[in-house]
Every structure is written in structure tokens, then in C-alpha cells.
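# Structural features, examined
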Amino acid sequence: MAILPDEIWQRILEIGAETSRLDYRDLCCVSIASHRLNRLSLDPTLWAILLARDFPPSDPPPPPPSKSLYKTKFERDKARKLTQWKRRVLNAESQLAMCKNKLIDLESMIVQESQKLKAVAEEITNLETTRSASVALNVWQPEIVRGRQKQMVEQCTVSIESRLASLKMEFQVCKQQIATYHKAYNKEKQRFGEYEEAVRSLKYQPFPGDQSVPVKMRSKSRMKINRSKRHEN
Amino acid sequence: MGFPREADDHAEKLRWRGVPGVGDGSKDVSNDQQPNRNSGAEVSISLPSITGKILAKVIEYCEKHVFDFKQGGPGEDWDREFVNVDQAIIFDLIRAADYLAIQGLLDLTCKKVAAQMANKSLEEIRKLFNIENDYTPEEEAAVRQEHPWAFFD
């Protein structure tokens, strides 16, 4: 390292910043390496390049560039991104909760409707038996059975035909309703799965977009793979 | 174009026909030895700090880039292959390019070193560029204390 004079190391750091090969992390690393590199890496020109690239200046004229200015802007930006992420997680979780409630409602509605269906089916069977009994009674049964059939017909107090017709219609409606509920349930279940996945991925990868993923949360090799993608010119 | 003759590792005499558009020539050239570029006169220039091997590389670069202004250079792939060499050779090339004021070669080699610096941990940087740690333990701890914003969550 001592072979090359300061101006050349300065040029190296400058070219590195200009061509986006060196970023704030590299410059900080370099400054811990030795006194000389610390001095060279504090050069405001370098930080001006990084500031212009990472935090483009807004309308009021920006303060003079320096490493500490970069640090301030960096920390502010990181805090802002953290709040944004937290908000997104909360939204996703509430969506998930609402979907879960809807699923519970649909389940209970399906159960209720199925019970109704069962009752209607039972009544239909009974009435059909009664009807065939009444037909038999009127047409061809011998006297011995006739008494029994007569009893059954007399026990039924409603008008058989019309009640049977309306029951059958009700049965169809119930069936249709159950089918609709099942469809809605499946759709909702799918949505539930998607929301679950969204929450899971948000929680696992807090900052989509590789620039500011916290170093501690990724393995070193994955970091190198991501950042070497930036290197390919 | 040029014929390097190696006397020993520390002194070098080169017969150089002026190459238009590349460098200003060596700083050692005295006035009465100034080459007349258009006549192609042969001039002896002394280059005390550059070995024959490095000079050959420099000449190779110059030959490839001599017509950059007219028909463009040899391309990034050739440049990248050219600097794909040992650390020590790159540093020698930098010094040679600086001494001979060959801006293109200087920028290319500096870019290579900058690229080598990127993505490295502290120990790797120190090892790669042979940097001596001249911080006392207290100083080093203090400097590290200034930088958690760049490295940690």
C-alpha cells in the first residue's frame, strides 16, 4: 500500500465512487483499515458523489457534503422505511383476520343450510310415503292393508300435493345455496392462503429491494451474490 | 513501434517512435531530445523506475488504444482481460501510467483496484493491499464506534 502515493489512492477512491463500485459501507470499512486511509476516505468530494446518487438533493440548497451528512440522511431514510414496512405488515395481518372471520361465518352458514336440507329431505320422504299410501288406498290395496293406509292418510293434516311441491322447491333452493356457499368458501380459502403467504414473506424479508437490507439479517454469501449483481458492468 | 531493451531491472533504454495521441512521453526528456512527432525521429528516453516486463504491458496498452479518437478502443472485454493480473503488477502499472501520464491506463487500473476493494471485509482489505494497521487498540475501538450505522441493524 505504501508503494502508491496519496493522490493515486484518492483517484482510486474517487473512481470507485463515480463508477458505483464503492458504496458507503466500503468507504467506512476502508477508514477503519489505517490512519492514512481514514484521512483519505473523509474527503468531502467522495461523500458528495454518494449523496448525489443515494439522496438526491431536494429544493432548498443542500448543506456542504460530508460523511456525517451522509450518515444523518442514511439513518433518517432507514427509519422512514421501517415505519412503512410496519404499516404494511399491520395491513396484511388485518386483511388476514377479516378473511378468517369470513371463513368462520361461511362454515356456520353451510352447517345451518345442510341441517335445513336434511330436515326438508326427511319431510319429503315422509310425504311421498304418505302419497303412495293414499294412491294405494284409492286404487288397488286389499281391505286388510286398507285400514293401515287409511290411518296414515288421516294422520297427515296438510294438503299433500302443494306441500310436497313447495318442499321440493325449498330443497332445490337449499342445495343451490349450499353450492354457492361452498364456492365462496373455496375462493375465500384461496385468498386466505395468499394473504398468509404475503404476511409470511413480508415478515421474513423486511426490505424488498437490496440496497438497504440490514447486514445482520442476511448471510454473508447471499450478500455477496446480491452485490456482485450490481458489479456486472 | 518501440523496442524495449532491458539492461537491468532498474534502468531501461527505449527507442520510441512518437505515438500520436498517447501520453506526453516521459518527464525525463530534456528539451534537445524532444521528439518531433511528425518526423518519427528516434529518441532515447530513460525510465529508471519501470521494469521491462511492465513497460511491455504499457506498450501493449498504448498500441491497442492508439486510435481511440478515430475508431474507438478495443472494447471493455480486452481492457478487463488486460488488468486481470497479479496485485503487484497492477500497482506497478499504476505507477508507470502515472509516471508516463497515460490517463487511460491510469483510470483503467484505478478502476480495477477500486473494484477489488468493494464488498470486502476489513481483514480482507488489509490483507489484499498489505495495509499495516497503525491504530492503537483504543484508537481502533474509537473508530469502530463511529460506524455502527453503516454495518448493523
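Thresholds, definitions, all that
- Within each chain, residue numbers correspond to sequence positions counted from 1 in written order.
- Both sets of labels track the order of writing: A upward for chains, 1 upward for ligands.
- For this predicted model, a pLDDT threshold of at least 70 governs which residues receive local features, and a threshold of 80 or more governs which side-chain atom pairs are given and counted, while totals over whole chains, interfaces and linings are taken from all residues.
- Think of the side-chain values as coming from all heavy atoms in the structure, minus any hydrogens and water.
- UniProt positions are given in the numbering used here, feature names are shortened, and annotations may be inferred rather than shown by experiment.
- Strands are runs of DSSP state E lasting at least two residues, helices are runs of H or I lasting at least four, and both sets are numbered from the N terminus onward.
- Buried means the residue's accessible area, taken with a 1.4 Å probe over protein chains only, is under 20% of the maximum for its type, while exposed means over 50%, and partly exposed covers the values in between.
- Throughout, a contact is declared for two residues whenever any of their heavy atoms are within 4.5 Å.
- Throughout, the Shrake-Rupley method with a 1.4 Å probe supplies accessible areas, and for residues the shown protein chains are the sole cover considered.
- Accessible area that two parts lose when put together, evaluated with a 1.4 Å probe and summed over both, is termed the buried area.
- Should a side-chain nitrogen of Lys or Arg be within 4 Å of a carboxyl oxygen of Asp or Glu, the pair is scored as a salt bridge.
- Polar contact criterion, stated in full: a pair of N or O atoms within 3.5 Å, where within protein one must be able to donate a hydrogen and the other to accept it, and residues adjacent in sequence count only if both atoms are side-chain atoms.
- Polar here means any residue outside two lists: the nonpolar Ala, Val, Leu, Ile, Met, Phe, Trp, Tyr, Cys and Pro, and the charged Asp, Glu, Lys and Arg; Gly therefore counts as polar.
- Take the buried Ala, Val, Leu, Ile, Met, Phe, Trp, Tyr and Cys residues and link them wherever side-chain atoms come within 4.5 Å; each set so joined is a nonpolar core.
- Axis lines are fitted to C-alpha atoms, over the contacting stretch for helices. Their N-to-C directions set the angle, which ranges from 0 to 180 degrees.
- Should an angle fall under 35 degrees it is taken as roughly parallel, and over 145 as roughly antiparallel, whereas 65 to 115 is taken as roughly perpendicular and any remaining angle as oblique.
- Only the six-membered ring of Trp is used, alongside the rings of Phe and Tyr, when aromatic pairs are assigned; centres must lie within 6.5 Å, and planes under 30 degrees apart are stacked while those over 60 apart are edge-to-face, with the rest tilted.
- Here pLDDT means the predictor's own confidence in every residue, given as a number from 0 to 100.

Looking up chain B in an unreviewed UniProt entry gives the name SKP1-like protein 4, with the organism given as Carex littledalei. The annotation that UniProt attaches to chain B under Pathway (unreviewed entry) is "Protein modification; protein ubiquitination." Of chain B, the UniProt comment under Sequence similarities (unreviewed entry) reads exactly: "Belongs to the SKP1 family."

Going by the annotation in an unreviewed UniProt entry, the name recorded for chain A is F-box protein SKIP24 isoform X2, with Carex littledalei given as the source organism.

## A short note on the overall build of chain A
If you tally the helices and strands in chain A, you get eight helices and zero strands. When the helices and strands of chain A are listed from N to C terminus, the series reads α-α-α-α-α-α-α-α. Going through the 233 residues of chain A one by one, you find that 33% of them count as buried. Within chain A, contacts between residues separated by at least 24 positions form 66% of all contacts whose residues are at least 6 apart in sequence. About 14,900 Å² of surface is accessible on chain A, with carbon and sulfur atoms providing 56% of the total.

## Overview of the overall build of chain B
A count of helices and strands for chain B gives eight helices and three strands. Ordered by position from the N terminus, the helices and strands of chain B form the series β-β-β-α-α-α-α-α-α-α-α. A fraction of 54% describes how many contacts in chain B between residues 6 or more apart in sequence connect residues 24 or more apart. Accessible surface for chain B amounts to roughly 8,900 Å². Of this, 48% is attributable to carbon and sulfur atoms.

## Brief notes about the interface of chain B and chain A
The partner chain A presents 42 residues to the 39 residues of chain B that form the contact. For the pair chain B and chain A, the two sides together bury roughly 3,700 Å², of which 68% comes from carbon and sulfur. Residue Arg11(A) pairs with Asp107(B) through a salt bridge whose shortest N-O separation is 3.2 Å. There are 11 residue pairs in polar contact (both at pLDDT 80 or more) connecting chain B and chain A. Within the residue set of the side of chain B that touches chain A, elements represented by two or more residues are helix H3 (76-82), helix H4 (87-99), helix H5 (103-117), helix H6 (122-128), helix H7 (137-145) and helix H8 (148-151) of chain B. Broken down by element, the residue count for the side of chain B that touches chain A peaks at eight residues, all from H5(B). Residue composition of the side of chain B that touches chain A, by class: 18 nonpolar, six polar and 15 charged.

## Describing the environment of Phe74(A)
With respect to the helices and strands, Phe74(A) occurs in helix H5 (residues 67-138). Considering only alpha carbons, one finds Phe74(A) and Asp54(A), 20 residues apart in sequence, at a separation of 8.8 Å. In this view, Phe74(A) contacts Tyr24(A), Phe55(A) and Trp149(B); residues no more than four positions away in its chain are not counted.

## Thoughts on the nonpolar core
Core analysis: the biggest nonpolar cluster contains 64 residues, and Trp9(A), Ile12(A), Tyr70(A) and Val58(B) have the highest contact counts within it. Excluding residues that lie within four positions of it along the chain, Val58(B) makes contacts with Leu93(B), Ala96(B), Leu100(B), Ile102(B) and Leu105(B). Leu106(A), Ile110(A), Tyr181(A) and Tyr185(A) belong to the second largest nonpolar core, which has eight residues in total.

## Considerations on the environment of Trp47(A)
Residue and element names in this part refer to chain A. In this fold, Trp-47 is placed in helix H4 (residues 44-54). With 22 residues separating them in the primary sequence, Trp-47 and Leu-69 have C-alpha atoms 8.5 Å apart. With near-sequence residues (within four places) excluded, Trp-47 lies in contact with Tyr-24, Leu-27, Cys-28, Ser-41, Leu-42, Pro-65, Ser-66, Lys-67 and Tyr-70.

## With respect to the packing of helix H1 (residues 6-18) of chain A against H4(A)
Residue and element names in this part refer to chain A. Between H1 and H4, whose axes approach to 9 Å, the crossing angle comes to 5 degrees. As judged from the angle between their axes, H1 and H4 are roughly parallel. Packed against H1, whose contacting residues are Leu-13, Glu-14, Ala-17 and Glu-18, the element H4 presents Leu-46, Ile-49 and Arg-53 at the interface. Grouping the amino acids of the contact of H1 with H4 by side-chain chemistry returns four nonpolar, no polar and three charged.

## Some details on the packing of aromatic side chains
Residue and element names in this part refer to chain A. The tally for this structure, following the rule as stated, stands at 13 aromatic pairs over all chains. Judged by centre distance (6.5 Å) and plane angle (20 degrees), the rings of Tyr-70 and Phe-74 are stacked. Here the residue Tyr-70 and the residue Phe-74 both occupy positions in helix H5, the gap between them amounting to four residues, near one helical turn. For the pair shown, Tyr-70 and Phe-74 are each scored as buried.

## Here's the deal with the side chain of Asn38(A)
By the secondary structure assignment, Asn38(A) is in helix H3 (residues 35-41). Residue Asn38(A) is classed as buried on the basis of its relative accessible area of 17%. Within the local environment of Asn38(A), its side chain forms a polar contact with the side chain of Tyr135(B), the two groups lying 3.3 Å apart. Residues in contact with Asn38(A), not counting those within four places in the same chain, are Val30(A), Ser31(A) and Tyr135(B).

## Re the confidence of the model for chain B
Residue and element names in this part refer to chain B. On average, chain B scores 74 in pLDDT, and the residues at 70 or more come to 71%. Predicted confidence in chain B is weakest over strand E2 (residues 12-17), with a mean pLDDT of 42, and strongest over H5, with 91. Note that pLDDT drops below 50 for residues 1-39; the model gives that stretch 77 contacts with residues more than four away or on any other chain. Here the predicted complex scores 0.57 on pTM and 0.72 on ipTM.

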